[in-house]
Amino acid sequence: AKVARFDILWSFVATREPVDPTNPNDPAYDWSRIDQVLTGFDAANITPIVSTYSTPTYAVAGKNTKFPSAYNPNAPIPQAFGAFMKAVATRYSGNFTTATGQKLPRVRHFEIWNEPNLKNFFRFNNSSNLGKYKGLVKQAYTGIKAANPNAIVIAGVGGPRSSGGNGNVSAKTWMNGLVNDKSVKFDAYSQHIYPSAGPEVPTDALPSWSSIGRFLEEIDGFQPGLPFYVTE
């Protein structure tokens, strides 16, 4: 393997509200598991793509509605997310040394959340909200680039859904809403593809292997040459 996608669950790292949220040395943060995994990737010469989600209770925007998962899908306050992403990018910039003298590896690829078009992973007022997500991307982009100007910020992270409704947004609608908005900056777009048919079998399902060209055409129509990542 040359590349691996790895989730950082924000609520697991931020065990309580930090006093200085952009500082990775704030005592509220527990990086022990993250350090171990990313150091292992570095030793194996594997490039990580880091996806960060799961809102700590203190950072939830609005009501913290009940959820059955280990991760918290309630949308965060964008500024709080941006501050945490700056801490992540600082710690794994390739220039950070721990209190014990360990120099941590560099991470360049940062995905903003996980499948935010699906309410099971991202919800605001009991619905999946594109406007709220755009706020996250803006804040995260600023924070990450301030810590590591060479980082690659990946937005979208779309879940594989052909249609919307019931608090979910279709992958195509989600993608169009992001790449067509010039006020939202990011370096690449990512999509999850769980195919409905084999690569050579025509299907109307979007996204699937045979329909990925439609995604690329629409992305190029808005932002020509924007890199496209398939991360699940």
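The text that follows walks through the structure, step by step, so that each part is easy to find.

Thresholds, definitions, all that
Residue numbers run consecutively from 1 along every chain, following the written order of its sequence. Owing to the predicted nature of the model, reporting of local features is limited to residues with pLDDT of at least 70; listing and counting of side-chain atom pairs is limited to 80 or more, with chain, interface and lining totals taken over all residues. Here the side-chain values reflect all heavy atoms present in the structure, with hydrogen atoms and water set aside. The secondary structure listing takes helices from DSSP runs of H or I that are at least 4 residues long and strands from runs of E that are at least 2 residues long, numbered from the N terminus. The length a helix should cover is 1.5 Å for every residue beyond the first. Burial status follows relative accessibility: with a 1.4 Å probe on protein chains alone, a residue under 20% of its type maximum counts as buried, one over 50% as exposed, and anything between as partly exposed. Only heavy atoms enter the contact rule, under which two residues are in contact if any of them lie within 4.5 Å. When a carboxyl oxygen of Asp or Glu lies within 4 Å of a side-chain nitrogen of Lys or Arg, that pair is called a salt bridge.

**As for helix α3 (residues 78-91)**
Then, number 1: Over its 14 residues, α3 runs 20 Å from end to end, which matches the ideal 20 Å to within 8%, given 1.5 Å per residue.
Then, number 2: By the criterion of burial, α3 is predominantly enclosed, with 10 of the 14 residues buried.
Then, number 3: Among all positions of α3, only P78, F81, G82, A83, F84, M85, A87, V88, A89 and R91 are buried.
Then, number 4: Looking at the buried positions of α3, the neighbouring elements they touch are β1 (3-9), α1 (10-13), α2 (32-43), β2 (47-53), β3 (109-112) and α4 (130-147).

**A few points about the pattern of salt bridges**
Then, number 1: Enumeration over the complete set of coordinates arrives at 7 salt bridges.
Then, number 2: With a closest N to O distance of 2.9 Å, K134 and D181 form a salt bridge. With K134 in helix α4 and D181 in the loop between α5 (171-179) and β5 (188-191), this residue pair connects regions lying 47 residues apart in the sequence.
Then, number 3: In this structure K134 comes out as buried when scored by relative accessible area, which is 17%.
Then, number 4: For D181, a relative accessible area of 19% puts it in the buried group.
Then, number 5: Close ionic contact of D187 with K145 constitutes a salt bridge, the shortest N to O distance being 3.0 Å. Note that D187 is positioned in the loop between α5 and β5 and K145 in helix α4, a separation of 42 residues in sequence.
Then, number 6: D187 gets classed as partly exposed once you look at its relative accessible area, which sits at 23%.
Then, number 7: Each of R5, D7, E111 and E232 takes part in a single network of salt bridges with overlapping partners.

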